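Residue-level listing of the chains:
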Amino acid sequence: METLGAQARRGIVIFGAHGQLGRVLTRVLAPLGPVQALGRADCDVGDEEVVHATVRRLMPGVIVNASAYTAVDRAESEHAAAYRINAQAPGFLADAAAAADAWLVHYSTDYVFDGGKGAPYEERDPTAPLGVYGDSKRRGEEAVLARPIVAFVLRTAWLYDREGRNFLTTIRRLAAAGPLRIVADQYGTPTSAMVLAEATSAILRHPEAVRAGGLYHAACTGVTSWHGFACAIVEAVGAKVEVAPITTAEYPTAARRPAYSVLDSRLLQERLGIVLPPWSRALADVLRVRP
Ligand SMILES: NC(=O)c1ccc[n+]([C@@H]2O[C@H](COP(=O)([O-])OP(=O)(O)OC[C@H]3O[C@@H](n4cnc5c(N)ncnc54)[C@H](OP(=O)(O)O)[C@@H]3O)[C@@H](O)[C@H]2O)c1
């Protein structure tokens, strides 16, 4: 019988630990058990042999996969790399987890949906990605969920942190340089890496976790557009700059993005009692934290 957090106390290995989520997970999961934070130089998750050898050496109780190919537009021309890291590597990690009797936490994206529903997406809604990134992430979900292991696949959205390269840091930088033009007809929910890392920690500490594995939406609550998110950032940091709304057509990109990809995260609350905050509160929390 699994006692509270016992699986994590055997050790936690975080892959992709130097990305924006991986860095926060490394701090937030540390109280749960010994954490090994592995970057790409320590373990290339696209190399099956290296993944297996790494997991065999460390024999963790929990594997957390924060690695991903996240360049949404570049993925349209770099299919092989995107599928290797987002679709195949999660399968390598899941097989390694099975061999080590470890749990696996894996992350996916709102971009598995086409945005046509017009209401918050639930886990059971059919996926229909518009681009290579979303499709590769969908295949990664399937690879993990097909394995007979305790696995949590957490779909999140519009992830950001106070550092690294993301929407928040980009807007802060650009706001210092002059007026902004930001897409106002794509709707979703910004989710901080801290909120997602804390939800991950809560899952791993939950007494029913061993029976609760599966696919969950894990995004903050509420809805806004990229323009709304940018305005909130500009206001919060006190920048005196105009933020003009533009359409998707006025900002062409290689990959198509869903016009509406709000995730309904109520299943996480119903099954495990984990409630994610409104996106505006999470943003305020991130901006309050000083290094
Ligand atoms: N960012 C978003 O808006 C967003 C939205 C929804 C879902 N998600 C999902 O959330 C998760 C975390 O995303 P994130 O924003 O933290 O991504 P990120 O900042 O791009 O970090 C990904 C990390 O994976 C590493 N990586 C790439 N290829 C690797 C390989 N072959 N072996 C080992 N490590 C490798 C990267 O290393 P390098 O820096 O060396 O490439 C990077 O440190 C991902 O599953 C992503 O799909 C993100």
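Here, every reference points to the structure presented above.
Anyway, here's the lowdown on the structure attached to this text. Note that the structure is predicted; figures quoted are calculated from it, not measured.

### Examining a negative patch on the surface
Line of reasoning, step 1. A cluster of acidic residues, Asp44, Asp47, Glu48 and Glu49, forms a negative patch at the surface.
Line of reasoning, step 2. By the element assignment, Asp44 lies in the loop between strand E2 (35-38) and helix H3 (48-58).

### Points about the state of the cysteines
Line of reasoning, step 1. Within this structure, the stated rule accounts for 0 disulfides.
Line of reasoning, step 2. Free of any disulfide, Cys231 has its nearest neighbouring cysteine sulfur in Cys220, separated by 18 Å.
Line of reasoning, step 3. A residue is classified by how much of its surface remains accessible, and Cys231, at 27% relative accessible area, is partly exposed.

### Topic: helix H4 (residues 79-100)
Line of reasoning, step 1. An ideal rise of 1.5 Å per residue puts 32 Å on 22 residues; H4 measures up with 31 Å between its terminal C-alpha atoms.
Line of reasoning, step 2. By the largest-angle criterion, Gln88 marks the main kink of H4, which is about 40 degrees, and a proline, Pro90, follows within four residues.

### Some remarks on empty space enclosed by the protein
Line of reasoning, step 1. For the structure shown, the criterion picks out 1 cavity of 30 Å³ or more.
Line of reasoning, step 2. Of the volumes computed, that of the largest cavity is approximately 50 Å³.
Line of reasoning, step 3. For the lining of the largest cavity, a count of residues per class yields 7 nonpolar, 2 polar and 2 charged.

### Some details on the site of the ligand
Line of reasoning, step 1. Near the ligand, the surroundings consist of 22 residues, among which Arg40, Asp44, Thr70, Tyr133 and Lys137 are the closest.
Line of reasoning, step 2. Between the ligand and Arg40, the relevant distance is 2.7 Å, taken from an oxygen atom to a side-chain nitrogen or oxygen of the residue.
Line of reasoning, step 3. A total of 910 Å² of accessible area belongs to the ligand in isolation, and the protein chains cover 79% of it.
Line of reasoning, step 4. Looking at the shell around the ligand element by element, the count peaks at 3 residues for strand E4 (residues 103-109).
Line of reasoning, step 5. When grouped by side-chain class, the residues that make up the shell around the ligand number 11 nonpolar, 8 polar and 3 charged.

### Brief notes about the packing of aromatic side chains
The way to describe two aromatic rings as a pair is by their centre distance and the angle between their planes.
Line of reasoning, step 1. Inspection of the entire model under this criterion finds 10 aromatic pairs.
Line of reasoning, step 2. Here the aromatic rings of Tyr111 and Tyr133 are separated by 6.4 Å at their centres, their planes lie at 85 degrees, and the arrangement is edge-to-face. Taken together, the residues Tyr111 in the loop between E4 and helix H5 (132-145) and Tyr133 in helix H5 connect sequence positions 22 residues apart. Both residues of the pair, Tyr111 and Tyr133, count as buried.
Line of reasoning, step 3. Ring-pair connections join several aromatic residues into one group, and the members of that group are Trp158, Tyr160, Phe167, Trp226, Phe229 and Trp279.

### Focus: the pattern of salt bridges
Line of reasoning, step 1. By the definition in use, this model includes 13 salt bridges.
Line of reasoning, step 2. Where Arg138 meets Asp135, a salt bridge forms, and the shortest distance between an N and an O atom there is 3.0 Å. Taken together, the residues span about one helical turn, with Arg138 and Asp135 both in helix H5 at a distance of 3 residues.
Line of reasoning, step 3. On the accessibility criterion, Arg138 (22% relative accessible area) is partly exposed.
Line of reasoning, step 4. Here Asp135 falls in the buried class, since its relative accessible area comes to 11%.
Line of reasoning, step 5. Its salt-bridge partner being Asp135, residue Arg139 comes within 3.0 Å of it at the nearest N-O pair. In this pair, Arg139 and Asp135 are both assigned in helix H5, 4 residues apart and thus about one turn of the helix distant.
Line of reasoning, step 6. Overlapping salt bridges bring together Asp135, Arg138 and Arg139 as one network.

### Comments concerning the sheet that holds E2
Line of reasoning, step 1. Taken together, 6 strands build an open sheet; the order of strands is E2-E1-E3-E4-E5-E10 and the sheet is parallel. With partners counted over all chains shown, the strands left at the sheet margins are E2 and strand E10 (214-217), one partner each. Across the sheet, the axes of successive neighbouring strands diverge by a mean angle of 20 degrees, strand direction being ignored.
Line of reasoning, step 2. Judged from the 6 bridges that link them, E4 and strand E5 (residues 151-156) form a sheet pairing that is parallel. Pairing of Tyr107 across the sheet is with Leu154, part of E5.
Line of reasoning, step 3. In the packing of helix H2 (residues 20-28) onto the sheet, contacts are made with strand E1 (12-15), E2, strand E3 (62-65) and E4, and the angle to E1 comes to roughly 165 degrees.

### A short note on helix H7 (residues 193-205)
Line of reasoning, step 1. Across its 13 residues, H7 extends 18 Å between first and last C-alpha, which sits within 8% of the 18 Å expected from 1.5 Å per residue.
Line of reasoning, step 2. Every buried residue of H7 is listed here: Ala193, Val195, Leu196, Ala197, Ala199, Thr200, Ser201, Ile203 and Leu204.

### Brief notes about the nonpolar core
Line of reasoning, step 1. One finds Phe15, Leu25, Val64, Leu104, Phe152, Leu154 and Phe229 to be the most contacted residues of the largest nonpolar core, which totals 94 residues.
Line of reasoning, step 2. Ignoring sequence-local partners within four residues, the contact set of Phe152 consists of Trp103, Leu104, Val105, His106, Ile203, Ala209, Ala212, Gly213, Gly214, Tyr216 and Leu272.

### Remarks on the side chain of Asn166
Line of reasoning, step 1. Position of Asn166 relative to the elements: it lies in the loop between strand E6 (159-160) and helix H6 (167-175).
Line of reasoning, step 2. For Asn166, a relative accessible area of 7% translates into the label buried.
Line of reasoning, step 3. Of note is the side chain of Asn166, whose polar atom sits 3.0 Å from the backbone oxygen of Glu163.

The rules behind the values
- Residues numbered from 1 in each chain as written.
- Predicted model: local features only at pLDDT ≥ 70, side-chain atom pairs only at ≥ 80, totals over all residues.
- Heavy atoms only, no water.
- Patch = residues over 30% accessible without salt bridge, like charges linked within 9 Å, V, L, I, M, F, W, Y side chains within 5 Å.
- Areas by Shrake-Rupley, 256 points an atom, 1.4 Å probe, with all protein chains shown as cover.
- Salt bridge = Lys/Arg side-chain N within 4 Å of Asp/Glu carboxyl O.
- Lys, Arg positive; Asp, Glu negative; His and termini not counted.
- Charge placed at Lys NZ, Arg CZ, Asp CG, Glu CD.
- Helix = DSSP H or I, 4+ residues; strand = E, 2+ residues; numbered from the N terminus.
- Disulfide = S-S within 2.5 Å.
- Buried < 20%, exposed > 50% of the residue type's maximum accessible area, 1.4 Å probe, protein only.
- Expected span 1.5 Å × (residues − 1).
- Bend = angle between axes of the 7 residues up to and from the residue.
- 1 Å grid on protein atoms, 1.4 Å probe; cavity = no way out; pocket = protein on both sides within 12 Å on 5 of 7 lines; lining within 4 Å.
- Points joined across faces, edges and corners; volume = space filled by probe spheres on them.
- Nonpolar A, V, L, I, M, F, W, Y, C, P; charged D, E, K, R; others polar.
- Near = heavy atom within 4 Å.
- Polar contact = N/O pair within 3.5 Å; in protein donor to acceptor, adjacent residues only side chain to side chain.
- Phe/Tyr/Trp six-rings, centres within 6.5 Å; stacked < 30°, edge-to-face > 60°.
- Pairing = 2+ DSSP bridges.
- Axes fitted to C-alpha atoms, helices over the stretch in contact; angles between N-to-C directions.
- Contact = heavy atoms within 4.5 Å.
- Core = buried A, V, L, I, M, F, W, Y, C linked by side-chain atoms within 4.5 Å.

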